[in-house]
Amino acid sequence: MTQNSASVPATAESAVAAAPVKLRLANVAKTFENAGQNVEALKPINLEIREGEYVVLFGPSGCGKSTLLNLVAGFEEPTSGEITLEGRRVTRPGHDRLMMFQEHALFPWLKVIDNVVYGLGWRPGYRFRPRLRRQKARELLKLMHLEEFARSPIHELSGGMKQRAALARALAPDPKVLLIDEPFPALDALVRARLYGELQDILVRTRKTIVSVTHDPREAACLGDRVIVFTGRPGSIKTEIKVDLPRPRDINDPQVAGYAGKIAALLEEGQRETIPGEKV
Ligand SMILES: Nc1ncnc2c1ncn2[C@@H]1O[C@H](COP(=O)(O)OP(=O)(O)OP(=O)(O)O)[C@@H](O)[C@H]1O
Ligand SMILES: [Mg+2]
């Protein structure tokens, strides 16, 4: 099922195109049943995500974006269809698919470094090696420019620093896929812009496969290799847009704004457009 990636091309973009499929959703649908009432959240979804790809799910409130992440995380079961990770069926939560929640990701009673050390307990080869875990935790905090705050309690961190600490902890078990639901909602514009830059920098360095959810077309255009645009509930894939811009991208770059405008228009007008890079 996976493809041969022996000859990886030179550019990051073509490297992703040639990478094996990591995550596959085949006809994945979800209907919730509550007190005899059915809520159809997602119509059948078909999606393939390649190793190292950053895919953004974008759509109106209630279209099933969080539901889709929860299905991939294994917190919910699809009503029909199948999700596979590296060809193996997803049936329950696992440390190979890590969901990054916002502040909930951090234990407030532990120092920053101990939160990351905890996350490393799930990583093969680290569990019974406390010194190695501490050393690795320091490396991850350095990656997030948080080494000076390793011994700080969580409540002393700013919102943006908490997000970076949460990212360090999410990356600690070395998940195959990182799932992020609305990563930066409550942050001011400057902090967000810096975090977008840092997240991309980390992406380039770790080549993680990431699926994130957002309402914000600019965020989608800034972060995504591909943006999956959903219809309103019950959600289905309306179209997908490939963002052909080099990284790191600046959220204030006019080209990012151009893509964001197209993405927003797709949502608002509910009609299909042809734009450069869009996959038909
Ligand atoms: N556990 C549940 N039980 C019943 N209905 C649910 C449950 N979880 C979600 N839903 C319904 O499924 C639909 C999709 O919800 P979901 O949270 O996935 O939307 P979303 O796209 O993430 O929305 P938002 O952008 O507002 O976060 C909504 O109508 C919601 O009410
Ligand atoms: Mg949601």
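Within any chain, residue numbers begin from 1 and follow the written order of that chain's sequence. Throughout, the order in which chains and ligands are written sets their labels, letters from A for the former and numbers from 1 for the latter. With pLDDT at 70 or above as the cut-off, local features in this predicted model cover only qualifying residues; side-chain atom pairs require 80 or more to be listed or tallied, and sums for whole chains, interfaces and linings still use all residues.

Asks: Before we move on, can you summarise the overall build of the protein with the specific residues and values?
Replies: Comment: elements are numbered from the N terminus, with helices defined as DSSP H or I runs of at least four residues and strands as E runs of at least two. Along the backbone of the protein there are 8 helices and 11 strands. To sort residues by burial, count the other C-beta atoms lying within 10 Å of each one's C-beta; a count of 20 or more means buried, 12 or fewer means exposed, and anything in between means partly exposed. C-beta atoms are built from the backbone. The buried share of the protein, taken over its 280 residues, is 39%. Residue pairs are scored as contacts if the distance between their C-beta atoms, which are placed from the backbone, is within 7 Å. For the protein, restricting intrachain contacts to residue pairs at least 6 apart in sequence, the fraction spanning at least 24 positions comes to 68%.

Asks: If you had to explain the site of ligand 1 to someone new, which residues and values would you point to?
Replies: We call a residue near a molecule or strand when its C-beta atom, built from the backbone, sits within 6 Å of it. Taken together, the neighbourhood of ligand 1 is formed by 13 residues, with F32, A41, S61, S66 and T67 sitting nearest. Residue assignment for the shell around ligand 1 shows that the elements contributing at least two residues are β1 (21–34), β2 (37–50) and α2 (65–73). For the shell around ligand 1, the element with the most residues is α2, which contributes 3 residues. Residue classes in the shell around ligand 1 are distributed as 4 nonpolar, 7 polar and 2 charged. In this count, Pro and Cys sit with the nonpolar residues alongside Ala, Val, Leu, Ile, Met, Phe, Trp and Tyr, while Asp, Glu, Lys and Arg are called charged and the others, Gly among them, polar.

Asks: Before we move on, could you go through the sheet that holds strand β4 (residues 80–85) and cite the residues and values that matter?
Replies: The strands making up a sheet are joined through hydrogen bonds of the backbone, oriented either antiparallel or parallel. A pair of strands is considered paired only if DSSP assigns at least 2 bridges between the two. Spatially, the 4 strands line up as an open sheet ordered β2-β1-β4-β5, and their pairing is antiparallel. At either end of the open sheet lies a strand with only one pairing partner, and these are β2 and β5 (88–89). When β1 meets β2, the two strands line up antiparallel, connected through 10 bridges. Bridged to T31 within β2 is E40.

Asks: Go over the nonpolar core with me, naming the residues and quoting the values.
Replies: Here, a nonpolar core denotes buried Ala, Val, Leu, Ile, Met, Phe, Trp, Tyr and Cys residues that are linked to one another through C-beta atoms within 7 Å. Core analysis: the biggest nonpolar cluster contains 72 residues, and V72, A168, L179, V227 and I263 have the highest contact counts within it. Ignoring any residue separated from it by four or fewer positions in sequence, one finds I263 in contact with F58, P217, A220, A221, V227, V229 and I241.

Asks: Explain the packing of helix α3 (residues 112–120) against helix α5 (residues 159–171) to me, and be specific about the residues and the numbers.
Replies: Close contact between α3 and α5 brings their axes to 7 Å; oriented N to C, the two are set at 25°. With respect to α5, the element α3 is oriented roughly parallel. α3 and α5 meet at a crossing whose hand is right-handed. On α5, the residues touching V112, N115, V116 and G119 of α3 are A165, A168 and R169. For helices, the fitted axis covers only the stretch in contact; all axes are lines through C-alpha atoms, and the angles between them, taken along N-to-C directions, range from 0 to 180 degrees. What sets the label is the angle itself: under 35 degrees gives roughly parallel, over 145 gives roughly antiparallel, 65 to 115 gives roughly perpendicular, and the rest give oblique. Should the near helix be turned anticlockwise from the far one by less than a right angle, the crossing is termed left-handed; should it be turned clockwise, right-handed.

Asks: Tell me about the packing of α5 against helix α6 (residues 189–206), and name the residues and values.
Replies: At their nearest, the axes of α5 and α6 sit 10 Å apart, and the two run at 20° to each other. Comparing their axes, α6 and α5 come out roughly parallel. Considering the relative orientation of α5 and α6, their crossing is right-handed. Here α5 contributes G159, G160, Q163, R164 and L171 to the contact with α6, which in turn contributes V191, R194, L195, E198 and T206. Residues of the contact of α5 with α6, tallied by class, amount to 3 nonpolar, 4 polar and 3 charged.

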